[in-house]
Amino acid sequence: MASLTYYGHSAFGIDTGSHKVLIDPFISGNPQATLSADQINCDAILLTHGHGDHLGDTVAIARRCGALVVTTYELAGFMDSQDVKNHPMHIGGFHRFDFGAVKLTPAFHGGAVEGADIACAPCGFLFFFNNTCLFHPGDTSLTVEFELIGRMNRIDIALLPIGDNFTMGPEDAFEAVRMLKPKKVVPMHYNTWELIAQDPQSFKSRVESETDAKVQVVEPGATVEI
Ligand code: NI
Ligand code: MN
């Protein structure tokens with residue numbers, strides 16, 4: 001049985017039953033986090049871009065757990081400089097790991113590591129494990145690429161930003177659902193700060209009345225079966 005834990009913002013933990021995988025583990029300084037970074041263990045970390053609210057505790061957790069960081073080539077170079085085990089990939093690339101398979105998707109956003117002179121293209125992840133396809137698009141605008149991603153993959157769970165200002169807001173995330181055609185949507189990247197405050201229940205009502213997708217609003221700290 002696989003499970004999904006939401007740490008708030010865009011940070012998730014996926015327990016596939018045999019491996020623990022984190023995505024964008026921003027825990028320290030995350031107002032929504034309900035535990036500390038040193039309480040989280042994992043085998044691998046999928047990292048979408050270098051912004052602090054995604055890179056977060058990646059280096060500390062990866063060093064402590066000996067976890068493999070899977071990310072873009074440029075950000076993997078940064079992981080090298082931090083003595084963190086990594087696997088470089090890039091947008092469009094697919095690779096099988098022991099914890100599941102990963103494909104990097106385009107994201108329209110920035111990607112610099114704050115305080116380091118490294119610019120990185122941001123990405124999203126299609127993560128395939130057991131018989132499940134999970135999509136974490138990272139920070140992005142609405143993009144027509146979602147149409148292609150939805151056509152080529154039967155997405156079980158799409159984690160979609162709805163916070164607006166830095167990413168898609170609820171209206172654009174609704175269009176994303178129409179293109180991606182996922183079975184289930186979990187909203188993310190909202191209510192972390194006042195600037196990205198949103199009502200996930202009104203997003204849920206609209207998506208569920210106008211599409212076939214179900215929206216599962218997961219509270220920070222909660223773990224749900226997937
Ligand atoms: Ni960002
Ligand atoms: Mn962000």
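Calculation notes
- Residues numbered from 1 in each chain as written.
- Chains lettered and ligands numbered in written order.
- Predicted model: local features only at pLDDT ≥ 70, side-chain atom pairs only at ≥ 80, totals over all residues.
- Heavy atoms only, no water.
- Pairing = 2+ DSSP bridges.
- Helix = DSSP H or I, 4+ residues; strand = E, 2+ residues; numbered from the N terminus.
- Contact = heavy atoms within 4.5 Å.
- Axes fitted to C-alpha atoms, helices over the stretch in contact; angles between N-to-C directions.
- Donors = N, O, S within 2.8 Å, 3.2 Å for Na, K, Ca; no water.
- Tetrahedral: all angles 85-135°; square planar, octahedral: opposite > 155°, others 65-115°.
- Buried < 20%, exposed > 50% of the residue type's maximum accessible area, 1.4 Å probe, protein only.
- Salt bridge = Lys/Arg side-chain N within 4 Å of Asp/Glu carboxyl O.
- Core = buried A, V, L, I, M, F, W, Y, C linked by side-chain atoms within 4.5 Å.

Undergrad: Before we move on, can you summarise the sheet that holds strand 11 (residues 157–161) with the specific residues and values?
TA: As summarised here, the arrangement of the 7 strands in space is 7-8-9-10-11-12-13, forming an open sheet in which the pairing is mixed. Looking at strand neighbours, the two that pair on one side only are strand 7 (94–97) and strand 13 (214–215), the edges of this open sheet. In terms of strand pairing, strand 9 (residues 123–129) meets strand 10 (residues 132–136) through 5 bridges, oriented antiparallel. Looking at strand 10, one finds that Leu126 is bridged to Phe135. Sheet strands in contact with helix 5 (residues 170–180) are strand 10, strand 11 and strand 12 (184–188), and its direction is about 155° off that of strand 11.

Undergrad: Mind laying out the coordination of the nickel ion (ligand 1), listing which residues take part and the relevant values?
TA: Distances from the nickel ion (ligand 1) to its protein donors, His49 (NE2), His51 (ND1), His109 (NE2) and Asp139 (OD), fall at 2.2 to 2.3 Å. Here the nickel ion (ligand 1) binds 4 donor atoms, and the angle range of 86 to 173° at the metal identifies the geometry as irregular. Donor residues for the nickel ion (ligand 1) sit on one chain with the sequence pattern H-x1-H-x57-H-x29-D. Between the nickel ion (ligand 1) and the manganese ion (ligand 2), the interatomic distance is 3.3 Å, and Asp139 donates to each metal, bridging them. Highlighted residues: His51 in the loop between strand 4 (44–46) and helix 1 (52–55) and His109 in the loop between strand 8 (100–106) and strand 9, separated in sequence by 58 residues. Look at His51 and you get buried, because its relative accessible area is 18%.

Undergrad: Could you give me a rundown of the coordination of the manganese ion (ligand 2), with the residues and numbers involved?
TA: Around the manganese ion (ligand 2), the protein contributes the donor atoms Asp53 (OD), His54 (NE2), Asp139 (OD) and His189 (NE2), at 2.1 to 2.3 Å from the metal centre. The sequence pattern describing where the donors of the manganese ion (ligand 2) fall on their chain is D-H-x84-D-x49-H. Overall, Asp139 belongs to the buried group, its relative accessible area being 2%.

Undergrad: I'd like a description of helix 5, backed by residues and values.
TA: An α-helical turn contains 3.6 residues, so a residue and the one three or four places further along point in the same direction. Looking only at helix 5, the buried set comprises Ala173, Phe174, Ala176, Val177, Met179 and Leu180. Remark: Lys181 follows helix 5 within two positions and exhibits a positive phi of approximately 50°.

Undergrad: Outline the pattern of salt bridges, supporting the account with residue identities and numerical values.
TA: A complete count under the given rule lists 5 salt bridges for this structure. Across the salt bridge formed by Glu175 and Arg178, the nearest N and O atoms sit 4.0 Å from each other. Of this pair, Glu175 and Arg178 both sit in helix 5, separated by 3 residues, roughly a single helical turn. According to the relative accessible area criterion, Glu175 is partly exposed, its value standing at 30%. Taking the shortest distance from any N to any O, the salt bridge between Lys204 and Glu208 comes out at 3.2 Å.

Undergrad: Which residues make up the sheet that holds strand 1 (residues 3–8), and what values do they have?
TA: Pairing is mixed across the open sheet formed by 7 strands, whose spatial order is 6-5-4-3-2-1-14. If you trace the sheet from one side to the other, it starts and ends with strand 6 (86–89) and strand 14 (223–225), each paired once. Recorded for the sheet is a direction-independent mean angle of 20° between the axes of neighbouring strands. Summarising the sheet, strand 5 (residues 68–72) and strand 6 pair through 4 bridges and their orientation is parallel. Looking across to strand 6, one finds that Val69 is bridged to Asn86. Against the sheet, helix 2 (residues 58–65) touches strand 3 (20–23), strand 4 and strand 5, its axis set at about 160° to strand 4. The strands touched by helix 3 (residues 73–81) are strand 5 and strand 6; relative to strand 5, the strand with the most contacts, the crossing angle is about 140°.

Undergrad: Would you mind going over the nonpolar core in detail, with residue names and values included?
TA: Generally speaking, nonpolar side chains in soluble globular proteins are found buried as a group. Core analysis: the biggest nonpolar cluster contains 49 residues, and Leu46, Val70, Phe99, Val102, Phe127 and Leu134 have the highest contact counts within it. Considering every element that reaches this core, the biggest residue donor is helix 5, with 6 residues. Excluding anything up to four places from it in sequence, Phe127 contacts Ile14, Thr16, Val21, Leu46, Phe99, Gly100, Ala101, Val102, Thr132, Cys133 and Leu134. If you look at the next biggest cluster of nonpolar residues, it comprises 21 residues, including Ala11, Val59, Ala62 and Val84.

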